[in-house]
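# Topology and contacts: notes
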Amino acid sequence: MNTIVGVIIGAVLTGLSMILNAYFSNRFSATKEERADRRKRYQDYISEIEKFYEDVLHSADRLIRNKGMGREDELEKVYRFEVKFKLSSTKQIAEQFKIILSAIISMADQLPKLPEEFIPKFEDDQQRKNRLEKRKKAEQEREKQAQKLISTPYAEFEKLSKLMKEHLESLRGKSAA
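All figures in this text were calculated on a predicted structure; none of them were measured in a lab.

Between its first and last C-alpha, helix H1 (residues 2–65) extends 93 Å over 64 residues, near the 94 Å set by a 1.5 Å rise per residue. Along H1, the residues that are buried comprise Ile46, Ile49, Phe52, Tyr53, Val56, Leu57, Ser59, Ala60, Asp61, Leu63 and Ile64. Looking one or two residues beyond H1, the residue adopting positive phi is Lys67, at roughly 55°.

What follows is the structure, encoded as structure tokens:
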């Protein structure tokens, strides 16, 4: 009789240990998958911010190189960045972006304006030559003035770039922890 009781108790303990093993094994596996999913989503988030920062720096650099001039859609894209900064960046970076835009606008305002060109349907060679010479002279004067003013926007650009790099490094540091 003791043997039967011992076998029953052994069977119950074995069954109970198998159930507990399966439960904890399943729970551990689910937790591990959750952590892996969270880590993947966070890495995707960092990649998205990195791409956004790359777009911002490229657009800002292009505006500086073009002395504040750009197509309407390019300018609209730059102003849309301000909204995205509020959603996915630090206040310090958003403020620096405003400073760089202000520096670019200030530089563009100080440069001589290019003449408005009216290209008639029919113009003779001399009129065309005069129009193009006037435009070239204005562009050269604008370029000469820009060389004096361009250092300020580039200095602000470097500050923005540094802040973005630090922000990305801090995000990556959090993911490693």
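A few words now on the environment of Gly68. Secondary-structure assignment places Gly68 in the loop between H1 and helix H2 (72–88). Of the residues examined, Gly68 reaches a relative accessible area of 22% and is grouped as partly exposed. Put simply, Gly68 and Lys134 are 66 residues apart on the chain and 21 Å apart in space, counted from C-alpha to C-alpha. Residues within four places of Gly68 in sequence aside, it is in contact with Leu63, Ile104, Met107 and Ala108.

A separate point is the packing of aromatic side chains. Going through the model one piece at a time under the given rule, you end up with nine aromatic pairs. Seen in terms of ring centroids, Tyr23 and Phe24 are 5.0 Å apart; in terms of plane orientation they differ by 75°. Their pairing is edge-to-face. Ring geometry for Phe81 versus Phe97: centroids 6.3 Å apart, planes at 75°, classification edge-to-face. Residue Phe81 is found in helix H2, and its partner Phe97 is found in helix H3 (residues 91–110); the two are separated by 16 residues along the sequence. Accessibility assignment for this pair places Phe81 and Phe97 in one class, buried. Ring pairs connect the aromatic residues Phe52, Tyr53, Phe81, Phe85 and Phe97, which therefore count as one cluster.

Cut-off values and rules
Residues numbered from 1 in each chain as written. Predicted model: local features only at pLDDT ≥ 70, side-chain atom pairs only at ≥ 80, totals over all residues. Heavy atoms only, no water. Helix = DSSP H or I, 4+ residues; strand = E, 2+ residues; numbered from the N terminus. Expected span 1.5 Å × (residues − 1). Buried < 20%, exposed > 50% of the residue type's maximum accessible area, 1.4 Å probe, protein only. Contact = heavy atoms within 4.5 Å. Phe/Tyr/Trp six-rings, centres within 6.5 Å; stacked < 30°, edge-to-face > 60°.

The analysis is restricted to geometry; functional conclusions fall outside its scope.
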